[in-house]
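Working through the structure, step by step
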Amino acid sequence: MSRVLHTAQALVDVILEIDDLPPRGGNANVRREQKYAGGAVTTLIAAARTDAEAVHGGAHGTGPNGDLIREALAREGVILSDAPRPDADTGYCTVLLEPSAQRTFLTVYGAERQITAESLATLDPQVGDLVCVSGYSLFAPTREPLLEFLESLDEGVDVVLDPGDPFADFPYEVQQRVLARTTVWTSNADEARALTDLDALEDTPEAIRRRLRPGAVAIVRDGDRGCLVFHHGRGTEIPAFPMTPVDTNGAGDTHTGVLLAERAFGADWESAATRANAAAAIAVTRRGTESAPTRDEVDAFLS
């Protein structure tokens, strides 16, 4: 069976629940604090709980943050292909979470940025595997090692791009080096509009698809409207399962992990997206970034 492989940063998420963001120079009291393994971990956990083989190839550090990452992945049976970095701990992201479930991020870099093309190659991607890439890895110093790794992959390896907020602002040449190797685009609506400069969301997947490799698929999520799947010259709207959210952190990564796990099992894109929509709906009703449901939970939800 195909595997779900991830190249991106595994970070510790420090979730601070507040009533409102303070004004500049102001103050806010934290009602609740939690620490979770986040970043690439969320996607990998979602894939593993869907019973796919999941592997992390990004760098991780030694210290309490690195330990938390490794413990979270080990609990889910996710494999680490690379060894810990002995001279640095894993970084962390402080997440300011408001009652509306809106989030604000502050990121501190650590050992997760210490990748090379050779360290990523420990993933050993095979034909049919799905290699996940994050737009956040396209900042220095991880940009060139990642691009070198991607451009070395066999043509039969699927490259899955989660562009994130920054992708549309990278130089066109950097975008093209990534998109020329991308076979699966999966993003939210704002990220799709930012890349295409189109206001009509339904037009964005086709426009994105034209910049990808032949035979690629473009998937655009739009919250409680569901997602759009565009491939083979046609687009399909996959309805959502609206829920009252308590924490949207990690919902998109959960969607991606389940989507790719279902593809690894041989599902068509529309069926995979339906189950991914269901998994994301469940995830937003739970706190934290390790909120992905199991395959059985998704089955029960859809029934």
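Report follows, based on the coordinates.

Definitions and cut-offs
Residues numbered from 1 in each chain as written. Predicted model: local features only at pLDDT ≥ 70, side-chain atom pairs only at ≥ 80, totals over all residues. Heavy atoms only, no water. Helix = DSSP H or I, 4+ residues; strand = E, 2+ residues; numbered from the N terminus. Buried < 20%, exposed > 50% of the residue type's maximum accessible area, 1.4 Å probe, protein only. Contact = heavy atoms within 4.5 Å. Areas by Shrake-Rupley, 256 points an atom, 1.4 Å probe, with all protein chains shown as cover. Lys, Arg positive; Asp, Glu negative; His and termini not counted. Charge placed at Lys NZ, Arg CZ, Asp CG, Glu CD. Core = buried A, V, L, I, M, F, W, Y, C linked by side-chain atoms within 4.5 Å. Pairing = 2+ DSSP bridges. Axes fitted to C-alpha atoms, helices over the stretch in contact; angles between N-to-C directions. Expected span 1.5 Å × (residues − 1). Polar contact = N/O pair within 3.5 Å; in protein donor to acceptor, adjacent residues only side chain to side chain.

A word on the overall build of the chain. Scanning the chain from N- to C-terminus turns up ten helices and 13 strands. Taking all 303 residues of the chain together, the buried fraction comes to 56%. Put simply, 68% of the contacts in the chain that link residues at least 6 apart link residues at least 24 apart. With the model as given, the accessible surface of the chain reaches about 12800 Å², and the carbon-plus-sulfur share is 48%. Treating the 27 positive side-chain charges of the chain as one cloud and the 47 negative ones as another, the clouds have centres 1 Å apart.

Ranked by size, the top nonpolar core spans 44 residues in total, and within it Val41, Ile69, Ile219, Val229, Leu259, Leu260 and Trp269 carry the most contacts. Of all the secondary structure elements, the ones that give two or more residues to this core are β2 (10–18), α1 (40–49), α2 (64–76), β8 (130–134), β11 (217–221), β12 (227–231), α8 (251–264) and α9 (269–283). If you tally residues by element for this core, the top one is α9, at seven residues. In contact with Val229, other than residues within four places in its own chain, are Val217, Ala218, Ile219, Arg234, Gly235, Thr236, Ile238, Trp269, Glu270 and Ala273. By size, the runner-up hydrophobic cluster in this structure holds 34 residues, among which are Val131, Phe149, Leu201 and Ala216.

Read from one edge to the other, the open sheet built from four strands follows the order β3-β2-β6-β7, with strand pairing classed as mixed. Looking at the sheet topology across the chains shown, the edges are occupied by β3 (30–39) and β7 (103–108). Strand after strand, the sheet turns through a mean of 20° between neighbouring axes, direction not considered. Here strand β6 (residues 92–97) pairs with β7 via six bridges, running antiparallel. Residue pairing in the sheet places Tyr92 in a bridge with Val108 of β7. Helix-sheet contacts for α2 involve β2, β3 and β6, and the interaxial angle to β3 is about 65°.

As a further point, take the pairing of β6. Burial within β6 is extensive, with five of its six residues counted as buried. Where β2 lies against β6, six bridges are found, and the strand directions are parallel. Residue pairing for β6: Val12 is matched across the bridge by Tyr92. Between β6 and β7, which pair antiparallel one after the other, the connecting turn spans five residues, and Ala101 there sits at a positive phi close to 80°.

Here we take up the sheet that holds β8. With mixed pairing, nine strands are arranged side by side in an open sheet as β5-β4-β1-β8-β9-β10-β11-β12-β13. Looking at the sheet topology across the chains shown, the edges are occupied by β5 (79–80) and β13 (234–238). Taken together, the three bridges between strand β1 (residues 4–6) and β8 define a ladder with parallel strand orientation. Considered in β8, the bridge of His6 is made with Cys132. In this fold α9 packs onto β10 (184–188), β11, β12 and β13, with an angle of close to 160° to the strand it touches most, β12.

Before going further, it helps to spend a moment on α8. Helix length check: α8, at 14 residues, gives a terminal C-alpha distance of 20 Å against a target of 20 Å (1.5 Å per residue), a fit within 8%. Of all the 14 residues making up α8, eleven are buried; the element is thus mostly covered by neighbouring parts of the structure. Every buried residue belonging to α8 is among Ala251, Thr254, His255, Thr256, Gly257, Val258, Leu259, Leu260, Ala261, Glu262 and Ala264, and all of these are buried. Positioned one or two residues after α8, Gly266 has a phi angle of 100°, which is positive.

What follows deals with the environment of Ser134. Relative to the assigned elements, Ser134 resides in strand β8. You can call Ser134 buried: its relative accessible area is 13%. Taking the C-alpha atoms as reference points, Ser134 and Gln9, 125 residues apart in sequence, are found 8.3 Å from one another. Dropping the residues within four chain positions of it, Ser134 is found in contact with Ala8 and Asp162. A distance of 3.1 Å separates a polar atom in the side chain of Ser134 from the backbone nitrogen of Tyr136.

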